[in-house]
Structures are given as C-alpha cells and as structure tokens.
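Each chain, letter by letter, is given below.
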Amino acid sequence: MTDIKYKKSIGKAYLFFLFVGIIAGFLLYRSTIIGPWTTNMHKIRIVAIEIILVGVIPAIFVISRRVREACLNAAQVCVNSVKKNKRNIAKLIADYILATIAGVVLHRVLIPVFHFEAGSGGLATVLSVMYVAMTLFIGRKVIWKHIAVSFAVIALICGMYFTYVVTPLTGVSWDDQIHYWNTLSLTQKIDGFKSSADETMVNSAYEIGHAKKGLHKEKWESYVEMLESKYQSRELAQKDTSGIGISTISYIPAAIGILFGRSLGLSWAHVFDMGKIFNLFLYIGVFTFAIKKVRYGKLFLALIGLIPTNLFMACSYSYDPWVTAWTGLGLAYFVSFLQTPEEKIEMKEYLLMLLFFAIGCMPKAVYFPMILPALFIPSSRFKNSKQAFVIRVSVLAVCLILIASFTIPIIRAGGFGVGDTRGGAAVNSAMQVQFVLSHPLETLNIFWNFIRDYFFLDTNSSAMNAFTYMAYLGTGKGWVWVIMVLFAVGMMDREEVSSCNWGLRIMGFLGLIITIILIVAALYVSFTSVGSKDVAGVQQRYLLPFILPAFYFMGTPGNRLNRDKSETAIIPIAFMSYMFIYTVYCLCVA
C-alpha cells in the first residue's frame, strides 16, 4: 500500500513539474521572434531549451527525491499558508485598497494647495508614499522579526515607482546603453533578432543623458512612439551585439525579463521596462536572503539595500546591483560566522560564502581583496586543522580565479591594447603602463592625491555623493542625512559577542584599501589619458559594496538598539525609502 502511495506521489509530482515546464516552454516560444535572421543554430537552441524545460527538468525533479520533496514541501507550505491566512490576506488587500483611495484623494488636494505635479507621475509619487506608510503600519508590531520581508515589500514599491515615472530609454544611468546592448547579446542567442529600435536608442544615449530634464515629455512620447514603430516593423539592427564573457552572467536577469515581456506580447517600452524589473527582482531577492542570514545587523543591511543610489541602479540596466547584492550576500555569510563564535563553521556554509562572493565579483573582479579577511578567521572556529587548511586554500583559489579572469584576456590579446575609447582619443593603455613603470613614484603620488580628493567632502566628485547620486538625472539632496542614519544604525545594530579580533579588522580594512587602489589603477590604465595628473572614470558608486564590511570592521560588539520598540526600525526604514521617493520626484517628476 505504501509503494502504491509512493508511486502515486511520484506521478503527481511529475505531472505538476511537467505542467510547469509546458508553461515555461510556451512562454519561451512566445518570446522568440522568428524570421530570416533566425539561423539553423538558433532553431537548434530553441528546440534544445524546450526539451530541457519540458522533458529534462521535470524528470530530474522526479528522479531526485531530495529536490522533489523540497519543491513539493515548499509548494505545500505556500498553499497551507494561504489557506490558514485567508482573512489576513483579505484584510491586507483591503488595507492597500484603502491606501490607494487615500492616495488619490490626497493627490487631488495637493495639486491646488502646493502646486503638486498633476500628472500620473505625481499620483504615482503619492501612492508610493502611502504604500510605504501602510506597509510599515501593518508590520509595526513584528517589524524586528520580519525586517527582511519589510525590506522586500518597500524596495519593490520604490523600484516599481521609479520604473513607472522614468521614460523607458537609455542615457539615464551610467553606461546603461552598453549594459542594455550586452543584455541583448543574450536574447539574440535565442532567436537572432535585434531590433533597429534598440540600435537607434543606444546610439542616441549620450544625447538623451546630457539632455536630462531638457527634453519635454511630449518629445519623449514621440521618440518612444518612433521606437515602437521600428520594433513592430521587425526592422533589424545593423550593429552587432557584443560577445559573451564572464561579466555576461550579470545580464541574465534582465535578459529573462526581456524574453518574458516578449512572451506576453508587450510593447517595446514595456519589454524594455520588464528587463529592469527583473533586475530589481534579483536585487531584492538576494538582499532579502542576506538580511535573513545575519543574526544581528538586519536593519543595517536593509538600509544599505534601500540607499537611493543602490535602488536606482537596481532599476536600471547595470551590473552594479549584481555586484552589490551578491558580494553583500557573501559578506553576510562571513559576518554570520563571526556573530556565532560558539558554533563551528560548516564546510558547506563556507563554500556557499565563497560561491556567492565569486558570483558577485565576476563582472568586476577587482573587488576580490574584500574576501581576504576570510583567511584570518580564528582556527578555533573550524572543526579540525584539515578543514581549516582546505577552507583557506579555497579562498586563495577563488582569488586566483578572479585575478585570472581579467589577466588572461590581457595576455591572450598580446597586451593592454588601446584601452577604453570613451576616455578620449589620448587614452592608450599600453603607453600608460609604460608611463607607470618608468615613473613609479610620480604614479603613486597621482594615486594618493586622487584618493585623498575622492573622499574629501567638499568636492563634487566626492565619494560621499554616491548615496543620492542618480547619474544623468542628477544628485539628490540629503546625502549627509543618509550617511548619518547609516552611521548611527551601523554602529548600534550589532551583535553582543563576536569573534572578530583586531587581526581580522586590520585585514578587513587592508582588503578594502587594496580594492580601492586596484580600482584606481585599472581606470588610470584603461580610461585615463597617458601621463595625466588625474584619474578619470572612477565613479562614486564603486564604494557602495564597501559599506557593510567597512562599518562592521569599524564598530565593536555590544547591541545598543532597543528591539522592544518598533520605532527604532520603522523610522530609519521610512527615512531611507522616503529619501529615495523624494529624490526621484525632484529629479524625474517635479
């Protein structure tokens, strides 16, 4: 009897996964744009992916008992949770409907009284404010237990608000036209299609970016309509997409979003936005996992995820949110080890930390020194000397692999080449390397002067501006307040006992310093004119992944936040989310 039930359960599981695979396969088919541009190789890829979705994956789920049971248990938990909380879900929906009605009424009141933006952008702003307030109000009694969930909901509200109010064009974020074109290199591998609409937009990205708010909405609308017409006509682009490299992994979420938008038959603008939304989904998902992983510092991690510039990039075509989120998850594992000095470190957990950190560093391998402190975790934390040796060798192996990821291409190319032509005609990497080798002291002095000014508060290019800086849209006000809130929470939201000794702290800061020097050196060689006394291309946002390790190594154990009062969590989260909404409103809507 037991065997019969077991076989029935396997049959039900296979039918369930087969059904899911058929839906995924159907969506993939709908997302492809077949035409003369589709070669036999593209058709083979489509068929192969369909076979994997409909045949291979359902079979794996059924054959592997552990995977099958994990998926079925997760599905059962979701179903039971919905059944158990029917009334709460209905109340939740009613609360957000009430917030929507209140937002519409408030928007009508604000228009004549405060000359508030009367269009859809103004309404979206008010609704976002109301939704964030409702989220914090609903979870006020349990917010310390569910900070990760609160972060996910609020980040989603803020991200969707930004995506809605910003015109669907490149030239908004740093090099987003390049990242968008690289994303299309993935989707093109499926069916070979690349629209002339995308090419037209990418080619005019610098003009759009420099225009900022100089172009009226009417002109934006007519421009987007022109791109839509090109997209619907299936007119092919003439420019080839870029090749596949190690950094291409960061474009997978956006590529899936674009394909999903095509499968739904959306317009060009909505397909473009769908790629950004899937970027946001991944960013929120990884950050939520990181918040859940740490024992203390959950509020601080949530605030890092809600930093206006971080959220801005998460809603754009960029690989920065990939780097920030995945390295943040890897560092969250590292911090969690130090927060539990009474427990031995499991090999599986340590390898996951290295895996997540390596995934995050793939687009920007120069961040690899940030993981070096993991070599100096006290030996007493490991089960035995053999485990300690294997783990430390694994850290070195990951660092060497990341170093090889950017040195091997240079060796294969026979040298540094010309460099990044966006830096100007005077850029020549090969000659710049010769200059560095022949003038080492002068180069060090250039680096020192640049790094000193980079952290100086009074300069427009200061790294401190990174917290509310939104590329071509401009810089929002209040970045000083953002830093103050982060500093206060970062110093107080800490564990009571830690195994983070002074050796670890010193190595932590040394890793950050080495990373900064590598970033400066890389851009001096690849992006700066030969012999220049300054370093070009070092953006303020490059330091955002440093926030978690810098604050952690800076502070000392001793939890100083009163977790009995919900206000200690609600106020910082509300402040950071409203800073984002306010910055977007000032730069994009008002």
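The structure reproduced in this document is the subject of the present report. Values in this document were obtained by computation on a predicted structure and should not be read as measured data. (Residues numbered from 1 in each chain as written. Predicted model: local features only at pLDDT ≥ 70, side-chain atom pairs only at ≥ 80, totals over all residues. Heavy atoms only, no water.)

Comments concerning the overall build of the protein
Each helix and strand in the protein was counted, giving 23 helices and 0 strands. Of all 590 residues assigned to the protein, the portion counted as buried reaches 50%. Taking the contacts inside the protein whose residues are at least 6 apart along the sequence as the reference set, 80% of them involve residues at least 24 apart. Carbon and sulfur atoms form 68% of the exposed surface of the protein, whose accessible area is close to 28200 Å². (Helix = DSSP H or I, 4+ residues; strand = E, 2+ residues; numbered from the N terminus. Buried < 20%, exposed > 50% of the residue type's maximum accessible area, 1.4 Å probe, protein only. Contact = heavy atoms within 4.5 Å. Areas by Shrake-Rupley, 256 points an atom, 1.4 Å probe, with all protein chains shown as cover.)

Notes on the nonpolar core
Counting residues in hydrophobic clusters, the biggest one holds 133 residues, and the most contacted among them are Phe162, Phe312 and Tyr350. Those residues in contact with Tyr350 that lie beyond four places of it in its chain are Phe337, Ile345, Ala374, Leu375, Ile377, Phe382, Ile391 and Val395. In this structure, Phe193, Val202, Ile208 and Phe272 belong to the second largest nonpolar core, which totals 23 residues. (Core = buried A, V, L, I, M, F, W, Y, C linked by side-chain atoms within 4.5 Å.)

Quick word on helix H5 (residues 120-138)
Taking 1.5 Å of rise per residue, 19 residues should cover 27 Å, and H5 covers 26 Å from first to last C-alpha, within 8% of that figure. Listed as buried for H5 are Gly121, Gly122, Ala124, Thr125, Val126, Leu127, Ser128, Val132, Met134, Thr135 and Leu136. Buried residues along H5 sit against helix H4 (86-114), helix H6 (147-165) and helix H23 (567-589). (Expected span 1.5 Å × (residues − 1).)

A look at unusual backbone geometry
Peptide bonds are, in most cases, trans, and in most cases residues other than glycine have a negative phi. Not every positive phi belongs to a glycine, and Asp175 is a case in point at roughly 55°. Within the element layout of this structure, Asp175 appears in the loop between H6 and helix H7 (176-191). Its identity is not glycine, yet Arg234 carries a phi of approximately 60°, on the positive side. Its place among the elements puts Arg234 in the loop between helix H10 (217-232) and helix H11 (252-263).

Description of the environment of Asn445
For Asn445, the position within the fold is in helix H19 (residues 440-454). For the pair Asn445 and Lys533, spaced 88 residues apart in the sequence, the C-alpha separation amounts to 9.0 Å.

Examining helix H22 (residues 547-554)
Where burial is concerned, most of H22 is hidden: 7 out of the 8 residues are buried. What H22 keeps buried is the set Ile547, Leu548, Pro549, Ala550, Phe551, Tyr552 and Phe553. Tucked into the core, H22 has its buried residues touching helix H13 (298-305), helix H15 (320-338), helix H20 (479-492) and helix H21 (502-526).

Quick notes on the pattern of salt bridges
Counted under the stated rule, the structure contains 10 salt bridges. Notably, a salt bridge pairs Arg262 with Asp191, separated by 3.6 Å at the nearest N-O pair. Placement of the pair is Arg262 in helix H11 and Asp191 in helix H7, with a sequence separation of 71 residues. Of the two residues examined, Arg262 and Asp191, each falls in the buried class. (Salt bridge = Lys/Arg side-chain N within 4 Å of Asp/Glu carboxyl O.)

Notes on the packing of H6 against H23
Contact geometry of H6 with H23 gives a least axis separation of 11 Å together with a crossing angle of 0°. If you check the angle between H6 and H23, you find them roughly parallel. Residue-level inspection shows Ile154, Cys158, Tyr161, Phe162 and Val165 of H6 in contact with H23, the latter providing Ile573, Ser577, Phe580, Ile581, Val584, Tyr585, Cys588 and Val589. (Axes fitted to C-alpha atoms, helices over the stretch in contact; angles between N-to-C directions. Parallel < 35°, antiparallel > 145°, perpendicular 65-115°, else oblique.)

Things to note about the packing of aromatic side chains
One pass over the structure, following the stated rule, counts 29 aromatic pairs. Measuring from ring centre to ring centre gives 5.9 Å for Trp174 and Phe312, while their planes differ by 80°; the resulting arrangement is edge-to-face. Of this pair, Trp174 sits in the loop between H6 and H7 while Phe312 is found in helix H14 (residues 308-314), placing the two residues 138 residues apart along the sequence. Phe312 gets classed as buried once you look at its relative accessible area, which sits at 0%. Note on Phe260 and Phe278: the rings are 5.6 Å apart at their centroids and 45° apart in plane angle, and the pair reads as tilted. Remark: Phe278 occurs in helix H12 (residues 268-293) and Phe260 occurs in helix H11; sequence separation between them is 18 residues. One aromatic cluster in this structure is built from Phe162, Trp174, Phe312, Tyr469 and Phe580. The ring of Phe193 carries Arg234 above its face, with NZ or CZ at 5.8 Å from the centroid. (Phe/Tyr/Trp six-rings, centres within 6.5 Å; stacked < 30°, edge-to-face > 60°. Lys NZ or Arg CZ within 6 Å of the ring centre and 35° of its normal.)

Observations concerning a nonpolar patch on the surface
Residues Val82, Ile89, Ile93, Ile97, Ile101, Val105, Leu106, Val109, Val113 and Phe114 make up a contiguous nonpolar surface patch of roughly 900 Å² in combined accessible area. Among the elements that line the nonpolar patch, the one with the most residues is H4, at 9 residues. Mapped onto the elements of the fold, Ile97 is located in helix H4. (Patch = residues over 30% accessible without salt bridge, like charges linked within 9 Å, V, L, I, M, F, W, Y side chains within 5 Å.)

Comments concerning the environment of Phe382
Within the secondary structure layout, Phe382 lies in the loop between helix H16 (347-361) and helix H17 (385-412). Along the backbone, Phe382 and Glu346 are 36 residues apart, and their C-alpha atoms lie at a distance of 7.8 Å. Not counting residues within four places of it along the chain, the set of residues in contact with Phe382 comprises Lys344, Ile345, Tyr350, Ile377, Gln387, Ala388, Ile391 and Arg392.

Regarding the environment of Ser380
In this fold, Ser380 is placed in the loop between H16 and H17. Residue classification places Ser380 among the exposed positions, given a relative accessible area of 52%.

A short note on the side chain of Thr187
Looking at the element boundaries, Thr187 is found in helix H7. With relative accessibility at 1%, the residue Thr187 sits in the buried group. Setting aside residues up to four positions removed in sequence, Thr187 forms contacts with Ala255, Ile258, Leu259 and Arg262.

Looking at the side chain of Ser250
Examined against the element boundaries, Ser250 turns out to sit in the loop between H10 and H11. Ser250 sits in the buried class, given a relative accessible area of 1%. A polar contact of 2.7 Å, which involves the side chain of Ser250, links it to the backbone oxygen of Ser247. Not counting residues up to four positions away in its chain, the partners in contact with Ser250 are Asn279, Tyr319, Trp322 and Pro363. (Polar contact = N/O pair within 3.5 Å; in protein donor to acceptor, adjacent residues only side chain to side chain.)

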